[in-house]
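Given next are the chains, with one letter for each unit.
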Amino acid sequence: MELNMSELKKYSRQLILKSIGVSGQKKILNSKVLVIGAGGLGCPLMLYLSYSGVGNLGIVDDDKIDISNLSRQVLFTKKDLGKFKVSVSKKFIKKINNKIHVKIYLKKINKENIHNIAKNYDYICDGTDNFKSRLLINDYCIKYKKVLISSAISKFDGHIFNFDFKKDGPCLRCFMPNLPSVEQNCETEGIMSTLAGIAGSLQANEVIKSILNIGKPLKNEIMIFNALDLNFRKVKLKKNSSCRNHLHVLGK
């Protein structure tokens, strides 16, 4: 896709950046990004991907909007209660830019449908709220060499991962090999509403950096931050020799 005059004006503040320019904006426009989970992380993530000019966006979620979502899921309002998140998200995004190709998947991601959903996307964004889905998405992305940009939030803390599985390195299972005995999510642990916005925005930032191949990605690292003390730190991730994904690649 090419940029028309209106788009050149719209994205002019990005275009004047030497590391983006017209060629970079075209890369964003032609990118294919899948967002799994249209909740507290997915909403600000989709918002900034749309405003940045991502041209092809997939959204996966089977949930309806509940009043408890409205404190942090910024694409929804009270008039949307009871509606499907993917439908309302698509309508909102189209208001931002009606040229964005948005495809919605009204279903919960699972091992039977993940390939048919994700196969046509280059960048997979995990905004799910359970460990089973996170590990499933991780395993799929490493098998098919996708770029996985994942975020997780609980209480006041956030984690951001950026795995480029086209290159050798650790995966989420290297950090968390098995499902924890107790599920942790916003419903059980609570969440500070602004944390979701911070984490979703950082996740969108990693997507745009990855599309443009600029800056320093979180390669082989996890960013951990706390919304109360604004302490941001990076922790090095190491490839686990006993990780089942890497053992499969080695044929063991």
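What you are looking at is a predicted structure, and each value in this text was computed from that prediction instead of being measured. (Residues numbered from 1 in each chain as written. Predicted model: local features only at pLDDT ≥ 70, side-chain atom pairs only at ≥ 80, totals over all residues. Heavy atoms only, no water.)

## Here's the deal with empty space enclosed by the protein
- Scanning the entire structure with this criterion turns up 1 cavity of 30 Å³ or more.
- Put simply, the largest cavity is a space of about 80 Å³.
- Forming the boundary of the largest cavity are Asn 162, Phe 163, Asp 164, Phe 165, Lys 167, Asp 168, Gly 169, Pro 170, Lys 219 and Asn 220.
- Among the residues forming the lining of the largest cavity, the class breakdown is 3 nonpolar, 3 polar and 4 charged. (1 Å grid on protein atoms, 1.4 Å probe; cavity = no way out; pocket = protein on both sides within 12 Å on 5 of 7 lines; lining within 4 Å. Points joined across faces, edges and corners; volume = space filled by probe spheres on them. Nonpolar A, V, L, I, M, F, W, Y, C, P; charged D, E, K, R; others polar.)

## Focus: the nonpolar core
- Counting 31 residues, the largest nonpolar core has Val 33, Met 46, Leu 49, Leu 57, Ile 59, Val 207 and Ile 211 as the members making the most contacts within it.
- Going through the elements one at a time, β1 (32–36), α4 (42–52), β2 (56–60), α5 (85–96), β4 (123–126), β5 (147–154) and α10 (193–212) are the ones with two or more residues in this core.
- Ignoring sequence-local partners within four residues, the contact set of Met 46 consists of Val 35, Ala 38, Leu 57, Ile 59, Leu 75, Ser 89 and Ile 93. (Core = buried A, V, L, I, M, F, W, Y, C linked by side-chain atoms within 4.5 Å. Buried < 20%, exposed > 50% of the residue type's maximum accessible area, 1.4 Å probe, protein only. Helix = DSSP H or I, 4+ residues; strand = E, 2+ residues; numbered from the N terminus. Contact = heavy atoms within 4.5 Å.)

## Overview of the sheet that holds β1
- One open sheet holds the 8 strands; their spatial order is β3-β2-β1-β4-β5-β6-β7-β8, and the pairing between them is mixed. A strand with exactly one partner marks an edge of an open sheet, and here the two such strands are β3 (101–105) and β8 (231–236). When the angles between neighbouring strand axes are averaged without regard to direction, this sheet yields 15°.
- Of the pairings in the sheet, the one linking β1 to β4 comprises 4 bridges and is parallel in character. Paired with Ile 36 across the bridge in β4 is Asp 126.
- Sheet strands in contact with α4 are β1, β2 and β4, and its direction is about 165° off that of β1.
- The sheet contacts of α5 involve β2 and β3, and relative to β3 the element is tilted by about 175°. (Pairing = 2+ DSSP bridges. Axes fitted to C-alpha atoms, helices over the stretch in contact; angles between N-to-C directions.)

## Let's talk about the packing of α4 against α10
- Interhelical geometry of α4 versus α10 gives an angle of 40° and a closest axis separation of 7 Å. Judged by the inter-axis angle, α4 sits oblique to α10. Where α4 crosses over α10, the two elements pack in a sense that is right-handed. Residues Pro 44, Leu 45, Tyr 48, Leu 49 and Ser 52 of α4 touch α10, and the partners they reach there are Ala 196, Gly 197, Gly 200, Ser 201, Gln 203, Ala 204, Val 207 and Ile 208.
- Classifying every residue of the contact of α4 with α10 gives 8 nonpolar, 5 polar and no charged. (Parallel < 35°, antiparallel > 145°, perpendicular 65-115°, else oblique. Left-handed = near helix turned anticlockwise from the far one by under 90°.)

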